[in-house]
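Reading the structure
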Amino acid sequence: MSQKIKRVKLKRNRIWVTILLFLLTEIVIVLFALMMVGYSAVMMIKPLIYNEVEEAVKISDDLSQGADISSYGRDHIVTDPAGEYISISGEDTRMTDINLVYDSDYGFFSADKEGAPSAPVYTIYPDREADIFAEVGDSVNGSNFETVIISDIVAVYNRTTLANLINGGKRTMYLPFWTAVPMDDGNTLYVKSGIDIDLSSVAELMVLMRIALIIFGVIFVFMLINVINSIVTYNRLTRLFFTDPVTGGRNWNWFLLKGEPLVRRHRGKTYAIFSIGLEKYLNYCLINCNAKGEKVLCEIDMAVRQQIRRQDICVHCNTSDFAVLVKVRDGADARTRSQSLLSTVENVIAGTGMITHIGEYTVDVLCTERGRVLPRNNFDIEAAYNNARTARASIPAGTARAALFDEEMVEQRRWENTVLEHLSSAIDNSEFIVYYQPKYDPKTDTLMGAEALIRWQSPEFGFLSPYKFIPILEENNRITEIDHYMLSHVAADQRRWLDMGLKCVPVSVNISRIHFAEPDLPEQIRDIVDACGTPHELIEIELTESAFFDDKQAMLNAISRLKGYGFMVSMDDFGSGYSSLNSLKEMPLDVLKLDAGFFRGDTSDERGKIVVEEAIKLAKSLNMRTVAEGIEEKGQVEFLAAADCDMIQGYFYAKPMPGSEYEKKMNNAE
Ligand code: C2E
Ligand code: MG
Ligand code: MG
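Residues numbered from 1 in each chain as written. Chains lettered and ligands numbered in written order. Predicted model: local features only at pLDDT ≥ 70, side-chain atom pairs only at ≥ 80, totals over all residues. Heavy atoms only, no water.

**What to know about the confidence of the model for the chain**
Segments scoring low in pLDDT should not have their predicted coordinates read at a detailed level. Mean pLDDT over the chain: 84, with 86% of residues reaching 70 or higher. This model gives residues 109-113 a pLDDT under 50, and the stretch forms 13 contacts once residues within four places in sequence are excluded. Here residues 132-144 is a poorly scored stretch, pLDDT under 50, and it has 33 contacts once near neighbours within four places are set aside; other chains count. (pLDDT = per-residue confidence, 0-100. Contact = heavy atoms within 4.5 Å.)

**Side note on the site of ligand 1**
Lining the immediate surroundings of ligand 1 are 23 residues, of which Glu451, Arg455, Asp572, Glu632 and Tyr651 lie closest. Within the backbone of isoleucine 454, a nitrogen or oxygen atom sits 3.1 Å from a nitrogen atom of ligand 1. Within the contact set of ligand 1, an oxygen atom lies 2.9 Å away from a side-chain nitrogen or oxygen of arginine 455. Protein chains bury 84% of the 790 Å² of accessible surface belonging to ligand 1 in isolation. Only β14 (447-458), α13 (479-499) and β18 (568-574) provide two or more residues apiece to the shell around ligand 1. (Near = heavy atom within 4 Å. Polar contact = N/O pair within 3.5 Å; in protein donor to acceptor, adjacent residues only side chain to side chain. Areas by Shrake-Rupley, 256 points an atom, 1.4 Å probe, with all protein chains shown as cover. Helix = DSSP H or I, 4+ residues; strand = E, 2+ residues; numbered from the N terminus.)

**Some remarks on the coordination of the magnesium ion (ligand 3)**
Every protein donor of the magnesium ion (ligand 3) is listed here as Asp572 (OD), Asp573 (OD), Glu629 (OE) and Glu629 (OE), and their distances to the metal cover 2.1 to 2.6 Å. All donors of the magnesium ion (ligand 3) belong to a single chain; written as a sequence motif, their spacing is D-D-x55-E. Separation of the magnesium ion (ligand 3) from the magnesium ion (ligand 2) amounts to 3.9 Å, with aspartate 572 serving as a shared donor to the pair. Of the two residues, aspartate 573 sits in strand β18 while glutamate 629 sits in strand β20 (residues 625-629), which places them 56 residues apart along the sequence. Aspartate 573 sits in the partly exposed class, given a relative accessible area of 23%. (Donors = N, O, S within 2.8 Å, 3.2 Å for Na, K, Ca; no water. Buried < 20%, exposed > 50% of the residue type's maximum accessible area, 1.4 Å probe, protein only.)

**Overview of helix α18 (residues 634-642)**
Three or more residues of α18 are buried, namely Gln636, Val637, Phe639, Leu640 and Ala641. Taken together, the buried residues of α18 touch α17 (606-621), β20 and β21 (647-649). Backbone geometry just downstream of α18 places aspartate 644 in the positive-phi region, at approximately 75°.

**A look at the coordination of the magnesium ion (ligand 2)**
Distances from the magnesium ion (ligand 2) to its protein donors, Glu451 (OE), Asn510 (OD1), Glu542 (OE) and Asp572 (OD), fall within 2.0 to 2.3 Å. Taken in sequence order, the residues that donate to the magnesium ion (ligand 2) follow the motif E-x58-N-x31-E-x29-D. Of the residues examined, asparagine 510 reaches a relative accessible area of 25% and is grouped as partly exposed.

**Thoughts on the nonpolar core**
Judged by nonpolar contacts, the single largest core of 73 residues is most densely connected at Phe432, Phe469, Ile482, Leu640 and Tyr662. Here this core gets eight residues from one element, more than from any other, and that element is α13. Those residues in contact with phenylalanine 469 that sit more than four places away from it in its chain are Val419, Phe432, Ile454, Arg455, Trp456 and Leu464. Ranked by size, the runner-up nonpolar core spans 25 residues in total, among them Cys285, Ile300, Phe322 and Val328. (Core = buried A, V, L, I, M, F, W, Y, C linked by side-chain atoms within 4.5 Å.)

**Looking at the sheet that holds strand β10 (residues 322-328)**
Across the sheet, which stays open at both edges, the five strands sit in the order β9-β10-β8-β11-β12 with mixed pairing between neighbours. Each edge of the open sheet is held by one strand with a lone partner, namely β9 (313-316) and β12 (401-404). Between one strand axis and the next, the sheet turns through 20° on average, direction left out of account. Sitting on the sheet, helix α10 (residues 381-393) touches β8 (270-279), β10, β11 (355-363) and β12, and the angle it makes with β8 is about 50°. (Pairing = 2+ DSSP bridges. Axes fitted to C-alpha atoms, helices over the stretch in contact; angles between N-to-C directions.)

**So, the state of the cysteines**
By the definition in use, this model includes zero disulfides. In this structure cysteine 317 is not part of a disulfide, and its nearest cysteine sulfur, from cysteine 314, lies 8.8 Å away. Residue classification places cysteine 317 among the buried positions, given a relative accessible area of 19%. (Disulfide = S-S within 2.5 Å.)

Have a look at this one:
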């Protein structure tokens, strides 16, 4: 089961968390400062009001007992339950639309506070003459009495007024109000009361307030600096996190972060993802220097970015790889874009010896049968890029090309992994079988030799042709294990057949060109053959034609040594692609194997025949014998016999066969 590794999502909201925390802290500080000031003011005013209320209650008690209350020197009013005046002394300056209730149990609370207060209840009405209540207005109802007074003191007596008052010799501020006391007979007595607020205490309060504000200001500035600093740091880190150190452009993290939402958002648009890579980039860096290599990458980055729109993305991801995401009209447009990217990059790297490979994956628009565009909820940019890379990996080495992804490529990749994983156990369990394909003299039909060809009899995957696994092993540098395996098995078979008294003929073994990178290859071959005690002349080494182009000197040296040890050396697949006449001149080979391609197609092709005849003549004059591969028809055999070809290896005579069958052919040859 494929487990999807969760990518780290890069979130930008951390900065908002900081700002939110900052604001919350500020609010808490301000509220705390206000509460402190308010609490102090309440503590200052509350006892004064209580005293006044108590005084009014006392006057009411006296009045109930029939006493003359004029001695108190307070303006007062008595009203009946309907609110009609019974008596009035002084002027009625109550502001009846605002009132506050005093309950002997609960203290003060606003008139519309829920829950009926228990008796006795006293109501306080502001006096019209007090500036303070004039300012308070409706806000008194529903508020805390003391808080209203405090906020009003602050509002009316601002700093300058307060200073002027104090400087003008005023020590107190008079705050008049009326207290309503319900009487036993159902009437209500209103007594004009008032409190003197100590201005110096208010001034102290103001100082306290100012200190609180200063502290608040300092904290505010400190936190503001902190927030700005974290924003700057965040931006710097973000830039660093998304910048490619080589090109200075965007990097892979950016591609992941921006690419996926971009494609998901534009579900009705087709996108193409390209994976651009450079073959032989490391060689270029090795021969020149890393800085030069990086300069080339910068130029590619710039050239590609010039070719795409601002909303498209191009990033350098690793070594010489670039990931490109572009919006395209359709698949055909994507193909055009990959071709123009190819020529752009090829222009940049011209003369460097590097080769461009581009893999392409198209993100098509998903629609229902009725043509409704479906969301791309499952779109994974990493997987899409991997597909583009898989397409790129399918491009053969040495060719500058763009390749389009298809599902078979994934299967191929999977198979590649399976082969590599199973190779060691397959060798240990002898799952590889040596098949022999005889070579015959076309003139006499006698057995002249054979080629050893590998087959994989896998208990899991069945009977497999070498085409299924040899190219994979070559690509992954694991072919040498097969070469050793085949060589030792062939040498052992030959020894056994010799011991059985059979007339053995030379058997050629394919040795991969990668193997020639090992300087002691001839000695390895000699030792493997000697370990079986097989005469060297019964083993022939087949080299594929392309092998001759790697390191000529090393190749020449290896061939000479192999020949020195008594092995025959042949060139396989001659004429299958590379013009190797030059290598023919230089390499002291024994056998030339003409590629099956010469004999495919039209048998009456006169020009083809001339080429074959001349190739055979050329080989002869260089003292080489010739083998024609892939011969299936009698006419071909006759033609080759007439052309003096030494041997024929093809289905006409025999297909590759197991050792036991080949053994019988040798018997017949005796
Ligand atoms: P090759 O070395 O050129 O081998 C000749 C291929 O042509 C063989 O395919 C053989 O079966 C096939 N062939 C021979 N006669 C005819 C014919 O008349 N008609 C047709 N259609 N095909 C014919 P095979 O055995 O599938 O091997 C394919 C290739 O795999 C070989 O080409 C060789 O490059 C590689 N290979 C096979 N065995 C080994 C091995 O043990 N080591 C290495 N390194 N490569 C091997
Ligand atoms: Mg061969
Ligand atoms: Mg061949």
